[in-house]
Amino acid sequence: MTAKMPEIVDPKLVGEVWPMAAPAADPVLYGHAHLSPTGNFEVRSVQCFTLTYTAGRFGLDDNGAIRIVFRFFGDWGSLQTTDPTGYNYVTAITSDGARPALSFDPIGHSRPWLKTLTVRVRGGYLSEGDTITIKLGDTEFGSPGLKMQTMVESALEFRVLVDACAVGHFHPIPESPAVSIVPGPPVRWIAVLPTLRRRGETFRLGIKAEDLWGNPSDRVSRNLRFESSAAIEGLPDHATFKIGEKSIIINDLKAQSESKIHIKIFDQDSGELLCEAGPLLIRDGNVGSYWGDMHGQSGETIGITSAVEYFQFARDLAFLDAVGHQANDFQINNAFWDHINKLTKDFQEDGKFVTFPGYEWSGNTSVGGDRNVYFREEGRQIRRSSHALLPNQSDIDTDANDAKDLFRDLADEDCVIYAHVGGRFADVKFAHDPKLETGMEIHSAWGTFEWLLTDGFPLGHRCGVVCNSDGHKGRPGASYPGASMFGAYGGLTCFITDALTRDSFFDCLRKRHHYGTTGNRLHLEVHAEFKNPAQLFDKDPNAFEDATSAPAQSIMMGDIASTDDSSVTLRVEAVAGTAIERIEIRNGIKTVETVRPYTESDLGTRYRVIWQGAEYRGRGRQTNWSGRAKFSGAAITRMEKINAWNHERLLSVQGSDTVVWDAITTGNYGGFDVWLDDATGANLEVTSNHGKFSGALSDIGLEDTVIDCGGLERKIRIFRLPDENLHRELAYSAQIELAPKGDNPLWVCVTTEDGFQAWSSPIFLFKDSA
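Since the model is a prediction, treat every value here as computed from it, not as a measurement.

**Q** Can you help me understand the pairing of strand β45 (residues 669-676) in this one?
**A** In the case of a regular strand, side chains alternate between the two sheet surfaces. The element β45 is largely enclosed, with a buried count of eight among its eight residues. Residues of β45 alternate between two faces, with Y669, G671, D673 and W675 on one and G670, F672, V674 and L676 on the opposite face, all of them buried. Both strand β40 (residues 606-614) and β45 contribute to a ladder of seven bridges, which runs antiparallel. Within the sheet, the bridge partner assigned to W611 lies in β45 and is G670.

Written as structure tokens, this is what we have:
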């Protein structure tokens, strides 16, 4: 039986809500399609599908064609017609034995149905009842088959369109076939706790098992045992993970004593340690920490899965406290805008799960570039960048065609705005409103973009750091990049505020009391302390005439203050679930100090090789790396990968002394660690398509050896590490001299050994005399 669209999407809304779901053609006239087999298929499995198109009353004229189109961000194998023994080989034959012309174009149709297989009849025609049989992943000539995508999807649609009259206009036929993509077996266990709560404040523990590609798996049955480092009210000793379930959530937990909590999860039967949750700090104070992914899309626009599934994943499988849905505005018709607002209202639950109605303003970079708009309440007017994919243009007068118009039109709205880098990048020099635009998204699945924040420093912009997934694969909060164009794991933002409510989050955003990470959850505090009381502003005094100030001896990340002091003490505390590699303390674009939890004397025979950066800021930013590192005179005893998210790309040891790789970066970084048997007298030779290095290993030490590789911050870094780093906590105080004029944006970047990073929102200090 052919899989249908997810039941969770109201069938009455599909034609209205999904902008590219044009009215279907009459199957009597235009024909119909049948797919075999159908049902459930494991991610990244290899399959062979037969799609049979039967012509309708119009037949199919000479040079007429059908198209099978797929969503752009599905990462199943690219179809090909030239190598019968290769993956994803496609063939087609008509019922009279003719071979139609086949062509595949990854951007051959309209968004979001960009991936296009065209099957064109030439030198003949089809009559009513004649067929075309297409085999996708045809194994007859030696092909292994069609590689399925790496992410779960309840209905992967093979959308069929017909140009029966050879006029170049393709009509979608009704009930295009679909299959369901399901998780693989589990390869790792994940357990998630919050990072900061107060005594007596409730929290939850989430547990899941992920397959190789990061999908929560429902193919596991385990009896679990819990072991906590501190007393927790409501935590059972045991729980059972059952086949068919994708997570266990234990709600309403409490700790009554200040503590640092880790929870170990064991297989009760074998005693195997499966994973560990934490650290969760229980501290008295005015605030807790709440984690969110505020930026992603679903299948109604350019992503996959339904919007309902999107919110459910965020809450129940990523264990987020907050989520935002950000569809491209030029694909949001009014029915879908109403649908988004209904979902955010339905899923919103103070104290449990916070949602925000909003959208992505998707203007071209030339008119300001991508922005994210978040409203405090539902029912507000959407101000689109254009109606590019909306045939109903009756409300086109509500558009804001550039970012300056957007800020003007939203001036009286209760909303906040982020700038971000997606396909288009935001140009904060073109337009910025300090009253509305509070955050810069410097990491997402698209890569890492510190420059988006630092561009604003010389302009006097005072924005906080946010990180999100900008995910298109239906996994907000746990957005693995898969096997296609994304090169990074999606980010998260930690909101430091007094309550899990919309109002508290809005207050937090407007004060920039938040930090972002590349996807891990660590505790981070940054405070500035003064010899003489500073003046702490409640709002940016450069933007708000009614801003007021009060004396303060200490302020936190995101705060704006003036001071008479010539220097300030910056106190940093990071508590992570994995070892900390370094903390960079920065004033604006300058790193004033790099702090590590170890010294030169702790270094062992472990060496780290990193490649990072991008081509440029725009859509083609992806850098492809190929290279090798040869450790002559030493033998590799162990190698660990760093940020090697695509399991089909090469990163491995060859022989006893060489590592080879084929990787991508998009502003982020990847690499590896090697442990050597003996580095005495050994040499390192790195050769890559972007840069080279040759030298003695004895010259590689604590500080980075850097090879500039051009492009945008493109470089190779090499340095030495302790054989084992057990430091998961680092507290440090730095004395920082303040520039006498302009802002001093004081912020930190934390890097953990497993390849994740975190950035604090800057503290903006300026001298009273400035």
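Having seen the structure, we can now continue with the description.
**Q** How should I be thinking about the side chain of H513 in this particular structure?
**A** Here H513 shows up in the loop between α7 (502-511) and β33 (514-517). Residues contacting H513, with those up to four places away along its chain left out, are C494, F495, I496, C508, M556, M557, G558 and D559.

**Q** Whenever I open this one, the layout of surface pockets confuses me. Can you help?
**A** Rolled over the atoms, a probe with the dimensions of a water molecule shows which regions are left empty. In this model, the second largest pocket occupies a volume close to 850 Å³. Every residue lining the second largest pocket is counted, 33 residues in all, and those nearest its centre are E450, R586, Q612, E713 and K715. Elements with a contribution of two residues or more to the lining of the second largest pocket: α6 (450-454), β38 (580-587), β39 (590-595), β40, β49 (712-721), β51 (744-752) and β52 (757-760). The residue inventory of the lining of the second largest pocket, partitioned by class, reads ten nonpolar, eleven polar and twelve charged.

**Q** Help me understand the sheet that holds strand β22 (residues 273-282), please; the structure alone is not making it clear to me.
**A** Remark on secondary structure: sheet strands pair via backbone hydrogen bonds, oriented parallel or antiparallel. Judged by pairing direction, the sheet is mixed, and its five strands sit side by side in the order β16-β22-β21-β18-β19 without closing on themselves. Looking at the sheet topology across the chains shown, the edges are occupied by β16 (196-197) and β19 (238-241). In terms of strand pairing, strand β21 (residues 259-267) meets β22 through seven bridges, oriented antiparallel. By the bridge assignment, K264 is partnered in β22 with E276.

**Q** Looking at this model, I keep getting lost on the nonpolar core. Mind explaining?
**A** When a protein is soluble and globular, its nonpolar side chains tend to lie buried together. L524, L570, I583, V748, V750 and L765 are the most contacted members of the largest nonpolar core, which totals 53 residues. Sorting elements by how many residues they give to this core places helix α3 (residues 307-316) first, with six residues. Core analysis: the second largest hydrophobic core is formed by 36 residues, V119, V160, V179 and I181 among them.

**Q** What am I meant to see in empty space enclosed by the protein here?
**A** Evaluated as defined, the whole model comprises eight cavities of 30 Å³ or more. If you add up the space inside the largest cavity, you get close to 220 Å³. What lines the largest cavity is a set of 24 residues, and nearest its centre among them are N643, A644, W645, N646 and A663. For the lining of the largest cavity, the secondary-structure elements that each account for two or more residues are β44 (658-665) and β45. Looking at the lining of the largest cavity, the element that brings in the most residues is β44, giving five residues. Estimates place the volume of the second largest cavity at around 90 Å³. Forming the walls of the second largest cavity are H443, T448, A488, Y489, T518, N643, W645, N668, Y669, G755, F756 and Q757. By residue class, the composition of the lining of the second largest cavity is five nonpolar, seven polar and no charged.

**Q** I'm lost on the state of the cysteines in this one. Help?
**A** Tallied over the entire structure, the rule returns zero disulfides. Take C508: it sits in no disulfide, and the sulfur closest to it among the cysteines is that of C494, at 8.4 Å. For C508, a relative accessible area of 1% translates into the label buried.

**Q** Teacher, can you tell me more about the pairing of strand β37 (residues 567-575) here?
**A** In terms of residue burial, β37 counts as a mostly covered element, since eight of its nine residues are buried. Examined bridge by bridge, strand β34 (residues 523-537) and β37 share seven bridges and lie antiparallel to one another. Pairing of A528 across the sheet is with L570, part of β37. Examined bridge by bridge, β37 and strand β50 (residues 729-737) share nine bridges and lie antiparallel to one another. In the sheet register, V568 faces β50, and the bridge partner there is I736.

**Q** What's the story with the packing of aromatic side chains in this structure? I'm lost.
**A** Within a pair of aromatic rings, the relevant descriptors are the distance that separates the centres and the angle that separates the planes. The final tally for this structure, using the stated rule, is 37 aromatic pairs. On the numbers, 5.2 Å between centres and 70 degrees between planes, the contact of F70 with F158 is edge-to-face. Taken together, the residues F70 in strand β5 (residues 65-70) and F158 in the loop between β11 (153-157) and β12 (159-163) connect sequence positions 88 residues apart. A relative accessible area of 1% means that F158 is categorised as buried. On the basis of an interplanar angle of 45 degrees and a centroid distance of 5.4 Å, the ring pair of F356 and F506 is categorised as tilted. Separated by 150 residues along the polypeptide, F356 in strand β25 (residues 354-356) and F506 in helix α7 bring together distant segments of the chain. The residues F356 and F506 share a single accessibility class, namely buried. A network of ring pairs unites the aromatic residues Y290, F356, Y374, Y418, F495, F505 and F506 as a single cluster.

**Q** Please clarify how the sheet that holds strand β43 (residues 651-654) should be interpreted in this entry.
**A** Strand order in this open sheet of five strands is β43-β44-β41-β46-β47, and the pairing throughout is antiparallel. Edge positions in the sheet fall to β43 and β47 (692-696), since each has one partner strand and no second. The average undirected angle you get between the axes of adjacent strands in this sheet is 15 degrees. In the sheet, strand β41 (residues 623-632) pairs with strand β46 (residues 683-688) via six bridges, with the strands oriented antiparallel. Each bridged residue has a counterpart across the sheet, and for S632 the counterpart in β46 is N683.

**Q** Would you explain the environment of F505 in this entry?
**A** Looking at where F505 falls in the secondary structure, it is placed in helix α7. A relative accessible area of 0% places F505 in the buried class. Measuring from C-alpha to C-alpha, the distance between F505 and V354 comes to 8.6 Å, with 151 residues separating the pair along the chain. In this structure, F505 is in contact with Y290, A322, F356, F495, T497, A499 and L500, ignoring residues within four places of it in sequence.

**Q** Just to check I follow, could you spell out unusual backbone geometry for this structure?
**A** A negative phi angle is the norm for most residues apart from glycine, just as the trans form is the norm for most peptide bonds. Cis geometry is adopted by the peptide bond preceding P37, which originates at S36 and carries an omega value of -5 degrees. Inspection of the secondary structure puts P37 in the loop between β1 (32-36) and β2 (40-42). Put simply, R111 and P112 share a cis peptide bond, and its omega is 5 degrees. Note that P112 resides in the loop between β7 (101-105) and β8 (115-120). You will see that A166, though not glycine, has its phi angle at about 55 degrees, which is positive. On the basis of relative accessible area, A166 is assigned to the partly exposed category, the value being 31%. Of note, the phi angle at T305 is positive, near 65 degrees, even though the residue is not glycine.

Analysis parameters
Residues numbered from 1 in each chain as written. Predicted model: local features only at pLDDT ≥ 70, side-chain atom pairs only at ≥ 80, totals over all residues. Heavy atoms only, no water. Buried < 20%, exposed > 50% of the residue type's maximum accessible area, 1.4 Å probe, protein only. Helix = DSSP H or I, 4+ residues; strand = E, 2+ residues; numbered from the N terminus. Pairing = 2+ DSSP bridges. Contact = heavy atoms within 4.5 Å. 1 Å grid on protein atoms, 1.4 Å probe; cavity = no way out; pocket = protein on both sides within 12 Å on 5 of 7 lines; lining within 4 Å. Points joined across faces, edges and corners; volume = space filled by probe spheres on them. Nonpolar A, V, L, I, M, F, W, Y, C, P; charged D, E, K, R; others polar. Core = buried A, V, L, I, M, F, W, Y, C linked by side-chain atoms within 4.5 Å. Disulfide = S-S within 2.5 Å. Phe/Tyr/Trp six-rings, centres within 6.5 Å; stacked < 30°, edge-to-face > 60°. Axes fitted to C-alpha atoms, helices over the stretch in contact; angles between N-to-C directions.

Purely geometric numbers; function is a separate question.
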